[in-house]
Amino acid sequence: MTMPLKLGIPKGSLQNATFALFKRSGWTINVNDRSYFPEINDESIECAICRAQEMSRYVENGTLDAGLTGKDWIAENDSDVHVAEDLIYSKVSARPARWVLAVPYDSPIKTLEDLEGKKIATELVQFTKRYFESRNISVKVAFSWGATEAKVVSGLADAIVEVTETGSTIKAHGLRIIHELMQTNTQLIVNRSAWEDPQKREKVEQIALLLKGALLGEKLVGIKMNVPQEKLAQVVDLLPSLNAPTVASLYQSDWFSVETVVGTNVVRDLIPELLKQGAEGIIEYPLNKVI
């Protein structure tokens, strides 16, 4: 009997975004607030919820076969795991987060070297220590669990290393960013022994394929329209496409149905231009997955 794949789901800010991503990928995960073992509509997977900060440790030691966690926490724990897929998603935006060094706006500190002998507060302690050691800069790194910005504002630290996506929260606390230490994103990681198991590896590859397809589907939409024959060339010239648009003649008509896939960031400007060139009956529809 094949053993189910033990899959770790990150607890906290990424949990709901992860559930939503799996839903778009074809898996429904149901969790009870009092349980760390959610139900999933796939008998070949067993889910467990744990903090993203600890995920790579559990995957490395085999407690979990695979899990989703940040590239930053893999680096923090210095974990030896296989990365099956990079997945860029978050509760805020579809772009990598950044771990940055920030100081008070009026601080004289402007470079990494200016931090010699200074104190830094961060949750990413081990990575920060290694980062400064590699540059021969002596600093004191103190652990901070939450409200890290307040540590430097209140004078408990000279600088902070904090994660941000937009930088707006850091600026709102009267701080300025002077250096970026790393970019991070969610990764699907696998225990190395589990990766050597053909059945578990196949399951992980299936999960990676569909999660990646769901993320790509978020960035694209399908559009479909009717175009008269004399306007067809002008309309098709406007259309970006993965390959080429699908063009089909309408029954007993000199009109054509044109269908393609475009980015969500261009469709709002594209539709008015298509109308100007003679397209009619334009339909825009979401895509669940693009493989």
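For clarity, every value in this text was computed on a predicted model and none was experimentally measured.

Taken in spatial order, the 4 strands of this open sheet run 14-15-13-16, and their pairing is antiparallel. Strands with a single pairing partner mark the edges of an open sheet, and in this sheet they are strand 14 (246-249) and strand 16 (280-286). The mean inter-strand angle of the sheet, taken between neighbouring strand axes irrespective of direction, is 15°. Inspection of the sheet shows strand 13 (residues 220-228) paired to strand 15 (residues 255-263) by 9 bridges, in the antiparallel sense. Residue pairing in the sheet places Asn 226 in a bridge with Ser 257 of strand 15.

Core analysis: the biggest nonpolar cluster contains 29 residues, and Leu 7, Ile 9, Phe 22, Leu 68, Tyr 89, Leu 188 and Ile 207 have the highest contact counts within it. Put simply, the parts of the chain that give this core at least two residues each are strand 1 (5-11), helix 1 (15-25), strand 4 (45-51), strand 5 (66-70), strand 12 (186-190), helix 7 (192-196) and helix 8 (198-218). For this core, the leading source of residues is helix 8, giving 7 residues. If we skip the residues at most four places from it in the chain, Leu 7 touches Phe 22, Ile 45, Glu 46, Cys 47, Ala 48, Leu 64, Ala 66, Gly 67, Leu 68, Leu 188 and Ile 207. One finds Trp 99, Val 103, Leu 124 and Ile 178 within the second-largest nonpolar core, a separate group that totals 22 residues.

As enumerated under the stated definition, the model contains 9 salt bridges in all. Of the charged contacts, one joins Arg 24 and Glu 218 as a salt bridge, the two residues approaching to 3.0 Å between their closest N and O atoms. Here Arg 24 is found in helix 1, whereas its partner Glu 218 is found in helix 8, with 194 residues between them in sequence. Arg 24 sits in the partly exposed class, given a relative accessible area of 21%.

We now examine the pairing of strand 5. Consecutive side chains of a regular strand alternate in pointing toward one face of the sheet and then the other. In terms of burial, strand 5 is largely enclosed, as 5 of its 5 residues are buried. Where burial is concerned, the two faces of strand 5 agree: the one with Ala 66, Leu 68 and Gly 70 and the one with Gly 67 and Thr 69 are both buried. As judged from the 2 bridges shared by strand 1 and strand 5, these two strands associate in the parallel manner. When the sheet's bridge partners are listed, Gly 8 is paired in strand 5 with Gly 67. As defined by bridge partners, strand 5 adjoins strand 12 across 5 bridges and the pair is classed as antiparallel. When the sheet's bridge partners are listed, Ala 66 is paired in strand 12 with Val 190.

Examined against the element boundaries, Asn 226 turns out to sit in strand 13. For Asn 226, a relative accessible area of 30% translates into the label partly exposed. For Asn 226 and Ala 279, which are 53 residues apart along the polypeptide, the C-alpha to C-alpha distance reads 5.8 Å. In this structure Asn 226 touches Leu 250, Trp 255, Phe 256, Ser 257, Gly 278, Ala 279 and Glu 280, once residues within four positions along its chain are discounted.

With that settled, consider the sheet that holds strand 4. Strand order in this open sheet of 5 strands is 4-1-5-12-6, and the pairing throughout is mixed. In the strand order of this sheet, the two ends are held by strand 4 and strand 6 (82-87), each with one partner. On average, each strand axis in the sheet is inclined to that of its neighbour by 25°, with strand direction left out of account. Across the sheet, helix 2 (residues 52-60) lies against strand 1, strand 4, strand 5 and strand 12, angled at about 130° from strand 4, the strand it touches most. Across the face of the sheet, helix 8 comes into contact with strand 1, strand 4, strand 5, strand 6 and strand 12 while running at roughly 15° to strand 6.

Now for the environment of Met 225. Within the element layout of this structure, Met 225 appears in strand 13. Once the C-alpha coordinates of Met 225 and Leu 64 are considered, the two residues, 161 residues apart in sequence, prove to be 48 Å apart. Beyond its immediate chain neighbours, meaning those up to four positions away, Met 225 contacts Val 235, Leu 239, Phe 256, Ser 257, Val 258, Leu 274, Ala 279, Glu 280, Gly 281 and Ile 282.

Turning our eyes to something else, we now look at the pairing of strand 15. Here strand 14 runs beside strand 15; their pairing, made up of 4 bridges, is antiparallel. Bridge pairing links Ser 249 to Phe 256 in strand 15. Once strand 14 ends, the chain turns through 5 residues before running back antiparallel as strand 15, passing Gln 252 with a positive phi of about 50°.

Considered domain by domain, the chain is made up of domain 1 (5-89 + 186-217), domain 2 (97-183) and domain 3 (220-286). The straight-line distance from the C-alpha centre of domain 2 to that of domain 3 is 49 Å.

Cut-off values and rules
Here the residue index of a chain counts from 1 through its sequence in written order. Local features in this predicted model are restricted to residues whose pLDDT is 70 or higher, and side-chain atom pairs enter the listing and the counts only when it is 80 or higher, whereas totals over whole chains, interfaces and linings include all residues. Calculated side-chain values reflect all of the structure's heavy atoms, with hydrogen atoms and water omitted. Pairs of strands are assigned from DSSP output, requiring at least two bridges between the strands. Starting at the N terminus, helices and strands are each numbered in turn, a helix being any DSSP run of H or I of at least four residues and a strand any DSSP run of E of at least two. Here, axes are lines fitted to C-alpha atoms. For helices the fit covers the stretch in contact, and angles between N-to-C directions go from 0 to 180 degrees. By convention a nonpolar core is built from buried Ala, Val, Leu, Ile, Met, Phe, Trp, Tyr and Cys residues, the set being connected through side-chain atoms within 4.5 Å. Under the scheme applied here, a residue whose accessible area is under 20% of the maximum for its type counts as buried, over 50% as exposed, and between as partly exposed, the area being computed with a 1.4 Å probe on protein chains only. Pairs of residues are marked as contacts when any of their non-hydrogen atoms sit within 4.5 Å. Basic side-chain nitrogens of Lys or Arg form a salt bridge, by our definition, when they fall within 4 Å of a carboxyl oxygen of Asp or Glu. Where each domain begins and ends follows an automated or database-derived domain assignment.

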